[in-house]
Amino acid sequence: MDVRFSLPRNPKPPTDADDRRPTPATDDPPRSHPPHPDPASGSSTPFNIVERDADINLSLPSDAFDVVIRAKIVVELACPGTVSCDDILAFVARDLVTMMGGPYYSVPLGRRDGTLPLPTMTISQIIDVFGSRGFSVQEMVALTGAHTIGFSHCKEFTSAIYNYSRAEQSDLEYNPRYAAGLRNACADFEKNPTLSVFNDIMTPNKFDNAYFQNLPKGLGLLKSDHALFNDPRTRPYVDLYANDQSKFFYAFARAMEKLSVYGIQTGRKGEIRRRCDEFN
């Protein structure tokens, strides 16, 4: 099968028609998302930036946030000050995975609202961070399989595809045609920092094990994706999940259940926000 590595920029939300396409190799024009409120709009404060105003989230469609906001309003009308935004987001994440063909898993309730860090780490740092929180290497690899859906901003990987070294235009970990497609899709990233591409070029609108199958072909998008395949501590699990989707689904569901209750704020810690787009 001849696969073209001409990547869609600023991916569009999936539709029923998308599920019928064998590959996403299209030349869709860049998509401009409605702007998020700036910190002065009431969502953030000069001292604290809420999630939707974080730099890494600026290109996410506003309608996705609005779904969460509307859900929170309905819940508040029925049960004021009872259900947190974190609980709503946990349900949304689980239902999205299931809607896109992934496994169903339980979502315990009772969280209070807080924030999560988004660090960029080496594979050793990732292993250490997950290990310090009681997660095994295998659980970390299973959770990383979530890269089978979603997208990443060009600025997260452009250093690996533009002028990588004096001898090479891009990191040799990338399939050359894939790297060329990425350079084309991200050509204007300096002028438009919201440009992004799918994490999984083969089946971007389906939750499956294609992410793991992509890695040995040089089709990983991020540096950490390539490291996951190359590191001897993680490679066995990449191979396992690439060859057996059911084992990936089982491991992912169990790891998500474990992650969903790690470090949650309950009782008097945290707060129950009245709105999910601003602090109380």
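Position numbers for residues count from 1 along each chain, tracking the sequence in the order it is written. Residues qualify for local features only when their pLDDT is at least 70, as the model is predicted, and side-chain atom pairs are given and counted only at 80 or more; totals for whole chains, interfaces and linings, by contrast, use all residues. Neither water nor hydrogens contribute to the side-chain values; these are computed over all heavy atoms in the structure.

Draft legend 1. Here's a closer look at the overall build of the protein. On a plain count of helices and strands, the protein comes out with nine helices and two strands. For the purposes of this entry, the term helix denotes a DSSP run of H or I that reaches at least four residues, the term strand denotes a run of E that reaches at least two, and both are numbered from the N terminus. Listing the helices and strands of the protein from first to last along the sequence gives α-α-α-α-β-α-β-α-α-α-α. Here the term buried applies to any residue with accessible area under 20% of the maximum for its type, exposed to any over 50%, and partly exposed to those in between, with areas from a 1.4 Å probe on protein chains only. Residues classed as buried in the protein amount to 42% of the 280 residues present. When checking whether two residues touch, look at their non-hydrogen atoms; a contact exists if any pair is within 4.5 Å. Partitioning the intrachain contacts of the protein with sequence separation of at least 6 by distance along the chain shows that 66% fall at a separation of at least 24. For the area figures, the Shrake-Rupley method with a 1.4 Å probe applies, and any residue is considered shielded solely by the protein chains shown. A total of about 15,200 Å² of accessible surface is found on the protein, and carbon and sulfur atoms cover 56% of it.

Draft legend 2. Just helix α7 (residues 223-230), in detail. Within the span of α7, buried status applies to Asp225, His226, Leu228 and Phe229. Looking down the long axis of α7, one finds its buried residues gathered within 155° of arc, a one-sided arrangement. Here the arc refers to the set of directions running from the helix axis out to each C-beta atom.

Draft legend 3. Seen up close, the nonpolar core. Take the buried Ala, Val, Leu, Ile, Met, Phe, Trp, Tyr and Cys residues and link them wherever side-chain atoms come within 4.5 Å; each set so joined is a nonpolar core. Counting residues in each nonpolar core, the largest one holds 30 residues, and the members touching the most others are Phe207, Phe212 and Leu228. Among the elements of the structure, α2 (85-99), α3 (123-132), α4 (137-144), α6 (210-214), α7, α8 (235-243) and α9 (245-260) are those that each provide at least two residues to this core. A total of seven residues in this core trace back to one element, the largest contributor, which is α9. When residues no more than four places from it in sequence are discounted, the contact partners of Phe212 are Val141, Gly145, Leu228, Val238, Tyr241, Ala242 and Phe248. Judged by nonpolar contacts, the second largest core, of 18 residues, contains Cys154, Tyr174, Tyr178 and Leu182.

Draft legend 4. Structural context of the environment of Asn214. With respect to the helices and strands, Asn214 occurs in helix α6. Separated by 14 residues in the primary sequence, Asn214 and Asp200 place their C-alpha atoms 7.8 Å from one another. Those residues within four positions of Asn214 in sequence are excluded, and the remaining contacts are Asp200, Ile201, Met202, Leu219 and Gly220.

Draft legend 5. Structural context of the state of the cysteines. In plain terms, two cysteine sulfur atoms within 2.5 Å form what is called a disulfide here. The full count for this structure, using the stated rule, is one disulfide. Two residues share a disulfide in this structure: Cys154 and Cys186, whose sulfurs sit 2.1 Å from each other. Note on the Cys154 and Cys186 pair: the S-S dihedral is about -75°, so by sign convention the disulfide is left-handed. Of this pair, Cys154 sits in the loop between β1 (151-153) and α5 (176-185) while Cys186 sits in the loop between α5 and β2 (196-198), and the two are 32 residues apart along the sequence. The same class applies to Cys154 as to Cys186, namely buried.

Draft legend 6. Spotlight on the packing of α4 against α9. Where α4 meets α9, the closest approach of the two axes is 8 Å, and the angle between their N-to-C directions is 100°. The angle between the axes of α4 and α9 places the two elements in the roughly perpendicular class. Within the contact between the two elements, α4 uses Glu139, Ala142 and Leu143 and α9 uses Phe248, Ala251, Phe252, Ala255, Met256, Lys258 and Leu259. Ten residue types, Ala, Val, Leu, Ile, Met, Phe, Trp, Tyr, Cys and Pro, are classed as nonpolar, four, Asp, Glu, Lys and Arg, as charged, and the remainder, Gly among them, as polar. A class-by-class count of the residues in the contact of α4 with α9 yields eight nonpolar, no polar and two charged. In this description, a line fitted to the C-alpha atoms serves as the axis of each element, helices being fitted only across the stretch in contact, and the angle between N-to-C directions of two axes falls anywhere from 0 to 180 degrees. Our angle categories are set so that under 35 degrees counts as roughly parallel, over 145 as roughly antiparallel, 65 to 115 as roughly perpendicular, and the remainder as oblique.

Draft legend 7. Seen up close, the pattern of salt bridges. The term salt bridge refers to a side-chain nitrogen of Lys or Arg lying within 4 Å of a carboxyl oxygen of Asp or Glu. Counted under the stated rule, the structure contains six salt bridges. A salt bridge links Arg254 to Glu257; the nearest nitrogen and oxygen atoms lie 3.1 Å apart. Taken together, the positions of Arg254 and Glu257, both in helix α9 and three residues apart, correspond to about one turn of that helix.

Draft legend 8. Molecular detail of the packing of aromatic side chains. Working definition: rings of Phe, Tyr and Trp (its six-membered ring) pair if their centres are within 6.5 Å, and the pair is stacked with planes under 30 degrees apart, edge-to-face with planes over 60 apart, and tilted otherwise. Evaluated as defined, the whole model comprises 13 aromatic pairs. Measuring from centroid to centroid gives 5.8 Å for Phe207 and Phe248, while their planes differ by 5°, and the two rings are stacked. Pair noted here: Phe207 is in the loop between β2 and α6 and Phe248 is in helix α9, with a separation of 41 residues, a long-range link. Judged by centre distance (5.8 Å) and plane angle (50°), the rings of Tyr241 and Phe248 are tilted. Relative accessible area serves as the criterion here: at 0%, Tyr241 is assigned to the buried category. Connected via pairs of aromatic rings, a cluster forms that spans Tyr105, Phe207, Tyr211, Phe212, Tyr241, Phe248, Phe249 and Phe252. The criterion is that NZ of a Lys, or CZ of an Arg, lies within 6 Å of the ring centre and within 35 degrees of the ring normal, and then a charge sits over that ring. Across the ring face of Tyr250, the terminal group of Arg254 is positioned such that the distance to the ring centre comes to 5.0 Å. For Lys258, the ring lying beneath its charged end belongs to Phe135, and the centroid distance is 4.8 Å.

Draft legend 9. Representation of the side chain of Asn199 in the model. The topology assignment puts Asn199 in the loop between β2 and α6. On the basis of relative accessibility, which here comes to 7%, the residue Asn199 falls in the buried class. In this structure the side chain of Asn199 is engaged in a polar contact, spanning 3.2 Å, whose partner is the backbone oxygen of Ile149. The contacts of Asn199, once residues within four sequence positions are left out, are His147, Ile149, Gly150, Phe151, Ser152 and Leu221. Whenever two N or O atoms come within 3.5 Å, that pair is a polar contact, provided that in protein one can donate a hydrogen and the other can accept it, and provided that, for residues adjacent in sequence, both atoms are side-chain atoms.

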